[in-house]
Amino acid sequence: MKPDSPFLDLETAPRVAVSIDGAPLELPEGANLAAALLAAGVTVFRHTPVSGAPRGPFCMMGACFDCLVDIDGFTRQACMIEVSQGLRIIRPRDLGADDVDA
Ligand code: FES
């Protein structure tokens, strides 16, 4: 049975293997991905397209979009995803103007 808060089992849940920017990492299965990454010491999730400023989770409820990461080729809000085996997480880097769809 899961605890009331999705953040309470970060330390005790069984670990699964994921990768972030190609590096292996083990995170608690079923945990909130943003919380699990923060607990693992990952604080920068993306860089803004215009200034390249670092961003990390802020609202933890799907409103701010500061937790965007690419997961298996799709841009997703990490705070709205559960950790599962084999996630391939890529932190977006700043895009040049030529890389942004108009
Ligand atoms: S932390 Fe705000 S949308 Fe994910």
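Counting restarts for each chain: residues are numbered from 1 in the order of the written sequence. Totals for whole chains, interfaces and linings use all residues, but because this is a predicted model, local features are given only for residues with pLDDT of at least 70 and pairs of side-chain atoms are given and counted only at 80 or more. Side-chain metrics rest on all non-hydrogen atoms present in the structure, leaving aside hydrogens and water.

Naming follows an unreviewed UniProt entry, where the protein chain appears as (2Fe-2S)-binding protein of Sedimentitalea arenosa.

Undergrad: Give me the nonpolar core: which residues, what numbers.
TA: For soluble globular proteins, nonpolar side chains are generally found buried alongside one another. Take the buried residues of types Ala, Val, Leu, Ile, Met, Phe, Trp, Tyr and Cys, join any two whose side-chain atoms come within 4.5 Å, and each joined set is a nonpolar core. Remark: exposure states derive from per-residue accessible area (1.4 Å probe, protein chains only) relative to the maximum for the residue type, with buried under 20%, exposed over 50%, and partly exposed in between. Among the nonpolar cores identified, the biggest contains 22 residues, and Leu33, Phe45, Val83 and Ile89 are the most heavily contacted of them. At the level of elements, β1 (15-20), α1 (33-39) and β5 (68-71) are the ones that each hand at least two residues to this core. If you tally residues by element for this core, the top one is α1, at five residues. Excluding residues that lie within four positions of it along the chain, Val83 makes contacts with Val16, Val18, Leu27, Pro28, Glu29, Gly30, Ala31, Asn32, Leu33 and Ala36. Going along the chain from the N terminus, every DSSP run of H or I of four or more residues is numbered as a helix, and every run of E of two or more is numbered as a strand. What makes two residues a contact is simply this: any of their non-hydrogen atoms within 4.5 Å.

Undergrad: Please provide a residue-by-residue account of the sheet that holds β1, values included.
TA: Read across the open sheet, the five strands follow the order β2-β1-β7-β5-β6; overall the sheet is mixed. The two strands at the open ends of the sheet, each matched to only one other strand, are β2 (23-28) and β6 (74-77). On average, adjacent strands in this sheet sit at an angle of 40 degrees to one another, irrespective of strand direction. Two strands pair if DSSP finds at least two bridges between them. As judged from the two bridges shared by β1 and strand β7 (residues 88-90), these two strands associate in the parallel manner. Bridged to Ile20 within β7 is Ile89. Interaxial angles span 0 to 180 degrees and are taken between N-to-C directions of axes, which are lines fitted to C-alpha atoms, for helices over the stretch in contact.

Undergrad: I'd like a rundown of the pairing of β1, residues and numbers included.
TA: Here six bridges tie β1 to β2, and the two strands are oriented antiparallel to one another. For Ser19, the partnering residue across the bridge sits in β2 and is Pro24. Between β1 and the antiparallel strand that follows it, β2, lie two residues; Asp21 among them carries a positive phi value of about 50 degrees.

Undergrad: Outline the confidence of the model for the protein chain, listing residues and values.
TA: A score from 0 to 100, pLDDT tells how confident the predictor is in each residue. Per-residue confidence for the protein chain averages 87 on the pLDDT scale, and 87% of its residues sit at or above 70. Low confidence marks residues 95-102, where pLDDT is under 50. Its contacts with residues over four positions away, or in another chain, come to two contacts.

Undergrad: Go over the pattern of salt bridges, please, and point to the residues and values.
TA: Each reported salt bridge corresponds to a side-chain nitrogen of Lys or Arg within 4 Å of a carboxyl oxygen of Asp or Glu. In the structure shown here, the tally under the stated rule is four salt bridges. With a closest N to O distance of 3.1 Å, Asp66 and Arg46 form a salt bridge. Of this pair, Asp66 sits in the loop between β4 (54-55) and β5 while Arg46 sits in strand β3 (residues 46-47), placing them 20 residues apart in sequence. For Asp66, a relative accessible area of 16% gives the class buried. With a relative accessible area of 13%, Arg46 lands in the buried category. Residues Asp66 and Arg55 are paired through a salt bridge, measuring 3.7 Å at the closest nitrogen-oxygen approach. Placement of the pair is Asp66 in the loop between β4 and β5 and Arg55 in strand β4, with a sequence separation of 11 residues.

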